[in-house]
Amino acid sequence: MAVKKFVVGLFDDEAVLFPAVKKVRTAGYKLHDVYTPFPIHGLDHAMGLRETSLHTAGFIYGITGTTTALSFMSWVFNVDWPLNIGGKPHFPLPAFIPITFELTVLFAAVGMVMTFCYLCQLMPGVKKHIFHPRQTDDKFVMVIELTEKTNAEEVKTFLAAAGAQDINEQKAEAGWWFGRYDKDDEPYLRKIQTAANA
Amino acid sequence: MHLKYESTLREPLVDGVKDYHQVTEDIISPIEGKPGKLWYVGFFISLTLLGFGAFSVFWQIYFGVGVWNLNKTIGWGWDITNFVWWVGIGHAGTLISAILLLFRQGWRTGVNRAAEAMTIFAVMCAGQFPIIHMGRVWMAFFILPYPNTRGPVWVNFNSPLLWDVFAISTYFTVSLLFWYSGLLPDFATVRDRAKTKLRKLLYGVAAFGWTGSTKHWQRHEALSLVLAGLSTPLVLSVHTIVSFDFATSVIPGWHTTIFPPYFVAGAIFSGFAMVQTLLIITRKILHLEEYITLGHMEAMNKVIVLTGSVVGCAYLTELFMAWYGANPYEFDTFFKYRAAGPLGWSYWIMMTCNVITPQVFWFRKMRRNVAVTFVMSIIVNIGMWFERFVIICTSLYRDYLPSSWSYYRPSWPEVGFYMGTFGLFFTCFFLFAKYFPVIAVAEIKAILKTSGENYKEKMEVYEEESAEKFAHDVAHAH
């Protein structure tokens, strides 16, 4: 977790946002993120993000489910307690298919959702800095991180030229922390307060 | 110009003049206001039913399964009928959210959230029946394969009843995950515009800290697509396995290979009918007529008439096979004790409600008529309840030994239990309609610029243009 400085610009229209993203990348500014109220197809490519490997993870979880189901059932029927059920075979593959299929789906789905939550740091009680309250409503919020080399004023003029509105500078915690959304606390503000009280 | 283009010949999916913010306002503001009088009345009735159901179940557990009118001949009655009925209803939600996502049907966005919620509540209701039916419910955990101190004695993996345990619990879990992962962004929308502290806290917890980052959306899209891909065979497998409960037995009328597709079609049929019932009320009370349009209802009515006809074909095939198969027991079951005999009336209710009446939906005027759709949706659900009753009871009440032939009517705890699941279902649905975004806000915004009425009007200019010019403009737009 680290406190960083950002320049934030709002966009109304995805048709303006796309060229702006391109301009930011060619200009060489550090694009922290773009927050949108709904998925915009192609924005990830425009920002230069790599494809997610969540599918592959899902496949691995799925085959784990398949092997778990098949090996567990055959272990029970052949090794742990071989029981004669109406003279049927001890490895009745057709009869194993329904449970094997269900466990494949179950493992893949549960595993993928948990991986998704882990990768995106999603959990009840997790709090993150919201750059603009309307980023989940109707605005596309572009956030550029300020490094030692970037001039804040320069970035602001640049964003304005690209079509952004409500441009402002924010100092915020870039990662996540445990917190409540009904309280306006951020970890770095807490530190400042304790320092002032002491 | 927008990136995607949809012909103006297609009906808009969102009516009226909308922008992104208006969509949020329309769908989220009912959560922030006080519920109306109708909501309180409905909620109170549901709670009363739920209470009565709980009392009926208590009665059955306290005095034993003998308080039900099941007997030696008819071991499965209302309980299993209701189980199959509720599970069937649960199928429409996943069909809408998963299969229609893979088929890229835009109209699913207006109805998927409520339909998935309905799925989850219906499966919750369904699960009660087999568990309470066990008699000694406190031993229900014996159906799970866990290392126990009795050997360990394992469950029988050859048994279709055990397959059912896995199928229903997997179905419930996956539907819940799919539904909730779709809800995260919408909870974040409610959280970020919340005025009261309590709402900020609760929706903040429910949204898991969602921000709308592009990387997160990319993963979210991948997750939805794979979950849809997994749910599609899952939804087909669940009712297939439910039908195996019957088809793998040797009872005339159950022992048929037609059961899996016939059950799946019936499940979709009754599920869509229940979605119609709920959405017609919801759109009226929450004023969502611009999001759940007549076009949405028409599309669902088309599914109803298709699956209803598939079910009708299956009924006729069963009759044909009973005659052509030259098995005297099967012939008697179908022609003497199903279509005729003391329970014959239930067969004809089923035929009328499922096969004959849904044919009105061949007419466009009827498909787009709200009152007709509402009445039909209830008729279909009555018919589908009788279908399960017919399959179960008319096969059992005349068995191989005429001295054990019997008749069956439910006792009050059986009826009360059924009423109680209605209470549970509607209590959950009323809470959902009040505290959850009933329409997937983010998904509606994603299709707004291609399928919203006010945006489609702008497209008329491009309709006049040549295809080459349009393609050229899109390619050089950015």
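Residues numbered from 1 in each chain as written. Chains lettered and ligands numbered in written order. Predicted model: local features only at pLDDT ≥ 70, side-chain atom pairs only at ≥ 80, totals over all residues.

### Things to note about the overall build of chain A
Basically, it comes down to this: Here a helix means four or more residues in a row that DSSP labels H or I, a strand means two or more in a row labelled E, and each is numbered from the N terminus. Here the globule rule is a power law, 2.2 Å times the number of residues to the power 0.38, and the radius of gyration is based on C-alpha atoms. The exposure label follows from counting other C-beta atoms within 10 Å of a residue's C-beta, where the C-beta atoms are placed from the backbone and the thresholds are 20 or more for buried and 12 or fewer for exposed, leaving partly exposed in between. In this description, a residue-residue contact is defined by the distance between C-beta atoms placed from the backbone, which must lie within 7 Å.
Along its length, chain A carries 6 helices and 6 strands. If you list the helices and strands of chain A from N to C, you get β-α-β-α-α-α-β-β-α-β-β-α. Scaling as 2.2 N^0.38, a compact globule of 198 residues should have a C-alpha radius of gyration of about 16 Å, whereas chain A reaches 25 Å, well beyond that. Dimensions of chain A, computed from C-alpha atoms along their principal axes, come out at roughly 80 × 50 × 30 Å. A burial count over chain A gives 33% of its 198 residues as buried. Long-range contacts, defined as pairs at least 24 residues apart, comprise 79% of the intrachain contacts of chain A with a sequence gap of at least 6.

### A short note on the overall build of chain B
Secondary structure assignment for chain B yields 17 helices and 0 strands. For a compact globule of 478 residues, the expected C-alpha radius of gyration is about 23 Å, and chain B comes in at 24 Å, within 12% of that figure. Along the three orthogonal principal directions, the C-alpha set of chain B runs to about 80 × 50 × 45 Å. Within chain B, the proportion of its 478 residues that are buried is 48%. Long-range contacts, defined as pairs at least 24 residues apart, comprise 83% of the intrachain contacts of chain B with a sequence gap of at least 6.

### Let's talk about the interface of chain A and chain B
Many structure descriptions define interface size as the accessible area lost when the parts assemble. Rule in force here: Residue polarity is assigned by list, with Asp, Glu, Lys and Arg as charged and Ala, Val, Leu, Ile, Met, Phe, Trp, Tyr, Cys and Pro as nonpolar; anything else, Gly included, falls into the polar class.
Residue-level contacts link 59 residues of chain A with 56 residues of chain B. Every element with two or more residues in the side of chain A that touches chain B is listed here: α1 (14-27), β2 (30-35), α2 (43-46), α3 (54-80), α4 (93-119) and β3 (126-128) of chain A. Residues belonging to the side of chain A that touches chain B are distributed by class as follows: 41 nonpolar, 8 polar and 10 charged.

### Some details on unusual backbone geometry
All names here are of chain B. A cis amide bond, omega 0°, links G151 with the succeeding residue P152. The topology assignment puts P152 in the loop between α4 (108-133) and α5 (160-192). We note that F208 has phi near 60°; this positive angle belongs to a residue other than glycine. Considering the arrangement of structural elements, one finds F208 in the loop between α6 (197-206) and α7 (214-247). Owing to 20 C-beta atoms within 10 Å, F208 belongs among the buried residues under this scheme. Not every positive phi belongs to a glycine, and A326 is a case in point at roughly 55°. Within the secondary structure, A326 is located in the loop between α9 (294-324) and α10 (328-338).

### With respect to the packing of α5 of chain B against α7 of chain B
Residue and element names in this part refer to chain B. The cut-off we apply is this: To get an axis, fit a line to the C-alpha atoms, keeping to the stretch in contact for a helix; angles then go from 0 to 180 degrees between the N-to-C directions. The scheme is simple: roughly parallel for angles under 35 degrees, roughly antiparallel for over 145, roughly perpendicular for 65 to 115, oblique for anything else. If you view the pair so one helix is near and one far, a crossing is left-handed when the near helix is turned anticlockwise from the far one by less than a right angle, and right-handed when it is turned clockwise.
Where α5 meets α7, the closest approach of the two axes is 9 Å, and the angle between their N-to-C directions is 150°. In terms of orientation, α5 and α7 fall into the roughly antiparallel class. Along this stretch, α5 crosses α7, giving a crossing that reads as left-handed. Broken down by class, the residue content of the contact of α5 with α7 amounts to 17 nonpolar, 6 polar and 2 charged.

### Things to note about the confidence of the model for chain B
Note the following rule: Each residue carries a pLDDT score, the predictor's confidence in it, ranging from 0 to 100.
When pLDDT is averaged across chain B, the result is 90; 98% of the residues are at 70 or more. Two numbers describe this predicted complex: its pTM, 0.92, and its ipTM, 0.93.

### Focus: the environment of I132 of chain B
Inspection of the secondary structure puts I132 of chain B in helix α4. Each C-alpha atom, one on I132 of chain B and one on D79 of chain B, is 8.6 Å from the other, the two residues being 53 residues apart in sequence.

### Some remarks on the UniProt feature "transmembrane region" (unreviewed entry) in chain A
So the rule is basically this: UniProt positions are given in the numbering used here, feature names are shortened, and annotations may be inferred rather than shown by experiment.
UniProt records the feature "transmembrane region" (unreviewed entry) for residues 57-77 and 97-119 of chain A in the present numbering. With 100% helix and 0% strand, residues 57-77 of chain A has end C-alpha atoms that lie 30 Å from one another.

### Concerning the nonpolar core
What counts, and what does not: Connectivity within a nonpolar core runs through C-beta atoms within 7 Å, and the core itself is a set of buried Ala, Val, Leu, Ile, Met, Phe, Trp, Tyr and Cys residues.
A109 of chain A together with M118 and V275 of chain B are the most contacted members of the largest nonpolar core, which has 146 residues in total. When residues in this core are grouped by element, the largest group, 15 residues, is from α5 of chain B. Not counting the four nearest positions on each side in its chain, M118 of chain B is found in contact with G93, M274, V275, L278 and F429 of chain B.

### Some points on the confidence of the model for chain A
The predicted model of chain A averages 89 in pLDDT, with 99% of residues at 70 or higher. Per-element confidence in chain A ranges from a low mean pLDDT of 72 for helix α6 (residues 187-197) of chain A to a high of 95 for α4 of chain A.

### Describing the domain arrangement of chain A
To be explicit about the condition: Either an automatic procedure or a domain database provided the assignment from which the domain bounds are taken.
Structurally, chain A comprises domain 1 (3-51 + 126-197) and domain 2 (54-119). Just the C-alpha atoms count here: the centres of domain 1 of chain A and domain 2 of chain A sit 44 Å apart.

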